[in-house]
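# Coordinate analysis (summary)
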Amino acid sequence: MSRVLVRDLATKHNETVTIEGWLHKKRLLGGLNFITLRDRSGIAQSLIEDKDEIEKLRGLQIGTVFSLTGMVTPDERAPGGAELHDVKVEVQVPVTDEPPIEIDKPISHKSENLDTLFEYRVLNVRNLQEQKIFKIRASILANIREYLTKNEFVEIQTPKLLAEATEGGAEVFKLDYFDKTATLAQSPQFYKQIMVGAYERVFEIAAAYRAEPSATTRHMTETMMLDIEMGFVSGHDEVLDTVGDMTINTLNRIYSDHANDLKSLNAPELKLPSDGKVPRFTIAKIHEMYEAATKNTVEDKKDLTPDEEKWICEYARKELGSDLVYATEFPLAAAKFYHKRNVENGTVYWGDLLFRGVEIATVPLRENNYQKMVEQMKEAGLDVTHEGFKYYLQAFKYGLPEHGGCGYGIDRLVQKAIGLNNIKEATLFPRDINRLTP
RNA sequence: GGGCUCGUAGUGAAGCUGGCCUAUCACGCCUCCCUGUCACGGAGGAGAUCGCCGGUUCGAAUCCGGUCGGGCCCGCCA
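Residues numbered from 1 in each chain as written. Chains lettered and ligands numbered in written order. Predicted model: local features only at pLDDT ≥ 70, side-chain atom pairs only at ≥ 80, totals over all residues. Heavy atoms only, no water.

Taken as a whole and judged by the stated rule, the model has 31 salt bridges. A salt bridge links R280 to D237; the nearest nitrogen and oxygen atoms lie 2.7 Å apart. With R280 in strand 12 (residues 280-282) and D237 in helix 6 (residues 236-257), this residue pair connects regions lying 43 residues apart in the sequence. The salt bridge involving K301 is made with E291; its shortest N-O contact spans 3.3 Å. Linking K301 in the loop between helix 8 (283-294) and helix 9 (306-320) with E291 in helix 8, this pair joins segments that are 10 residues apart in sequence. (Salt bridge = Lys/Arg side-chain N within 4 Å of Asp/Glu carboxyl O. Helix = DSSP H or I, 4+ residues; strand = E, 2+ residues; numbered from the N terminus.)

Okay, structure coming up:
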């Protein structure tokens, strides 16, 4: 008999069917035994009264792979309105070892228990509540891909094994590469800019590696980045608007498509601007507002402190009804060699997209003039003849239009969209300074 | 890299101003009872050298030192 999925039982009333899956829960009442089975589409209850049949499950633990064949019987008392009766049990993969964690109940996400969460990740991905997180994550990615593809962005893949760290900023991982030393890409920055020369608009969703010894709730050593780059932009605003619109679009869809799951995960209410425009404040303005409101002093004005990020997000949510806010016009002191500078006001065309208290994307405009690039690289003390820059500079020498894009933290987006406390909770198998397994 | 915290059955917690601790509770597990459970219920049972090493003490889960492993914050970064 061919397999029927749990979600299709509603259409099979009074038919004899076979369902296959994992043992989810046994509730043995003596003569009356309720067995729930989980498959990819949900969980279903079966009623087993035959002593010989229920005996087949004696000593078998949650997770046992089995099939149940029986009559789909409508019954108001059954979850989902129907259950299997006159059931034959067939065990496919018996599990006799007691699982180290309880799979059929919500798993603790308290910060002090996260180590247990990840130690038994292989098992807790079977937990229904845990599965919701990663289904929402999959939907977020699908929505982003759909949005970008619709807007004529071409998805690309670029190498993660590199000869040399080039972008600067974050620390890089080094590894043996035959008789050379290779590094792991901390960003596809150079490659995506090069590809603007081909398609104008490109994006990549891939892992980025950061060797920062950061032990916080928002850092991992391996993180999934969405990188976007678009050419022939009319200015910084167009890039900020595109990334903002994509984010608003994605969050609205997720909150509508996964309303029940988000509610059961205690996600906060989503607040987005009704006009579709993410509110913007300059870095200088945020420093000023923050210092005036909190009486704190910000020592290093190059960037926002974590506390300022939280503060401006709370302000935007409360005063402007927006969970998203842009911090724009970074000071020249923060500029990297590839950034486009605004010489008129001494700032960089660079905005950070903040969401519910953390930075989820950096959204800058790039310098696209070859001569200026070379100058800015020399200013930064970089060797423009170095192999690491040679190919990158070729793209500029042979013509790149004005362009900009973003480096976008997918894990942070998922984390904050659901309202999780730690970025690792939004990641199946997180990598941080002290975890390389599972 | 700096600061602050935590470590007790498989899991989550209580105890931790030293002795009523032969270490408590909940979930899970095992045995038995139970014909409408859905966090099933009831009776019983097994399961912990209190992270590790050393010290103080008549006596240490409890105090002290070291060590290992977590977590949170800062810095750095996305």
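Attention now moves to the sheet that holds strand 6 (residues 154-155). Taken together, 8 strands build an open sheet; the order of strands is 6-10-11-19-18-17-13-12 and the sheet is mixed. The open sheet terminates on both sides in strands that have one partner only, identified here as strand 6 and strand 12. Here 4 bridges tie strand 13 (residues 324-328) to strand 17 (residues 350-355), and the two strands are oriented antiparallel to one another. By the bridge assignment, V325 is partnered in strand 17 with L354. Helix 6 contacts strand 10 (201-209), strand 11 (222-231), strand 12, strand 13, strand 17, strand 18 (358-364) and strand 19 (403-409) of the sheet and is inclined by roughly 160 degrees relative to strand 13. Against the sheet, helix 9 makes contact with strand 12, strand 13, strand 17 and strand 18, and its axis sits at roughly 70 degrees relative to strand 17, the strand it touches most. (Pairing = 2+ DSSP bridges. Contact = heavy atoms within 4.5 Å. Axes fitted to C-alpha atoms, helices over the stretch in contact; angles between N-to-C directions.)

So, on to the pairing of strand 18. The buried count for strand 18 comes to 6 of 7 residues, which makes it a mostly enclosed element. Taking the residues between adjacent antiparallel strands as the criterion, strand 17 and strand 18 are bridged by 2 residues, where R356 takes a positive phi near 50 degrees. (Buried < 20%, exposed > 50% of the residue type's maximum accessible area, 1.4 Å probe, protein only.)

A word on helix 4 (residues 128-150). Taking 1.5 Å per residue, 23 residues should reach 33 Å; helix 4 reaches 32 Å between its end C-alpha atoms and fits that length. Among all positions of helix 4, only E130, K132, I133, F134, I136, R137, I140, L141, N143, I144, Y147 and L148 are buried. Near the N-terminus of helix 4, the side chain that reaches the backbone nitrogen of Q129, with its oxygen 3.0 Å away, is that of N127. Just downstream of helix 4 lies E152, where phi reads positive at about 65 degrees. (Expected span 1.5 Å × (residues − 1). Polar contact = N/O pair within 3.5 Å; in protein donor to acceptor, adjacent residues only side chain to side chain.)

Another point: the side chain of E83. Turning to its location among the elements, E83 is positioned in strand 5 (residues 82-93). For the buried E83, no salt bridge is present, and the opposite-charge side chain at shortest range is R77, 5.9 Å distant. For E83, the side chain forms a polar contact with the side chain of Q45, separated by 2.8 Å. Of the polar contacts made by the side chain of E83, one reaches the side chain of H85; its length is 2.8 Å. (Lys, Arg positive; Asp, Glu negative; His and termini not counted.)

Looking now at the protein's contact with RNA strand B. Inspection of the region around RNA strand B gives 47 residues, with R27, E102, H219, E359 and R412 positioned closest. A share of 60% is what sugar and phosphate atoms reach among the atoms of RNA strand B within 4 Å of the protein. Between RNA strand B and the protein, one listed contact pairs a phosphate oxygen with a backbone N or O atom of G31 at 3.2 Å. For RNA strand B, a sugar or linking oxygen lies 3.0 Å from a polar atom in the side chain of E98. Secondary-structure elements contributing two or more residues to the surface near RNA strand B are strand 1 (16-28), strand 3 (42-48), helix 2 (114-119) and strand 18. (Near = heavy atom within 4 Å.)

If a probe the size of a water molecule is rolled over the atoms, the empty space left behind becomes visible. Its boundaries defined by the atoms lining it, the largest pocket holds a volume of some 1200 Å³. Taken together, 49 residues make up the lining of the largest pocket; nearest its centre are R210, K336, E359, T362 and R412. For the lining of the largest pocket, the secondary-structure elements that each account for two or more residues are helix 5 (189-199), strand 11, helix 9, strand 17, strand 18, strand 19 and helix 12 (410-418). For the lining of the largest pocket, the element with the most residues is strand 18, which contributes 5 residues. Considered class by class, the residues forming the lining of the largest pocket number 18 nonpolar, 14 polar and 17 charged. (1 Å grid on protein atoms, 1.4 Å probe; cavity = no way out; pocket = protein on both sides within 12 Å on 5 of 7 lines; lining within 4 Å. Points joined across faces, edges and corners; volume = space filled by probe spheres on them. Nonpolar A, V, L, I, M, F, W, Y, C, P; charged D, E, K, R; others polar.)

The subject of this paragraph is the confidence of the model for chain A. Confidence along chain A averages 91 in pLDDT terms, with 98% of residues attaining 70 or more. Mean pLDDT values over the elements of chain A span from 86, in strand 8 (residues 174-177), up to 97, in strand 6. Interface predicted TM-score (ipTM) for the complex: 0.85; the corresponding pTM is 0.92. (pLDDT = per-residue confidence, 0-100.)

Ranked by size, the top nonpolar core spans 47 residues in total, and within it L148, L226, L324, L353 and Y408 carry the most contacts. Once residues within four sequence positions are removed from consideration, L353 is found in contact with V243, T247, V278, L324, V325, Y326, V358, E359, I360, A361 and Y408. If you look at the next biggest cluster of nonpolar residues, it comprises 20 residues, including V17, L23, V72 and V87. (Core = buried A, V, L, I, M, F, W, Y, C linked by side-chain atoms within 4.5 Å.)

This next bit is on the sheet that holds strand 8. Here we have 3 strands laid out as an open sheet, ordered 7-9-8, and antiparallel in their pairing. Both outer strands of the open sheet, strand 7 (161-162) and strand 8, are each paired with one neighbouring strand and no more. With 4 bridges joining them, strand 8 and strand 9 (residues 180-184) adopt antiparallel strand pairing. Paired with Y177 across the bridge in strand 9 is K180.

So, about the packing of aromatic side chains. Across all of its chains, the model carries 11 aromatic pairs by this definition. Taking the centre distance of 5.2 Å and the plane angle of 80 degrees together, the rings of F337 and Y338 count as edge-to-face. By relative accessible area, F337 is classed as buried at 5%. Cluster of aromatic residues (ring-pair linked, three or more members): F190, F337, Y338, F389, Y392 and F396. (Phe/Tyr/Trp six-rings, centres within 6.5 Å; stacked < 30°, edge-to-face > 60°.)

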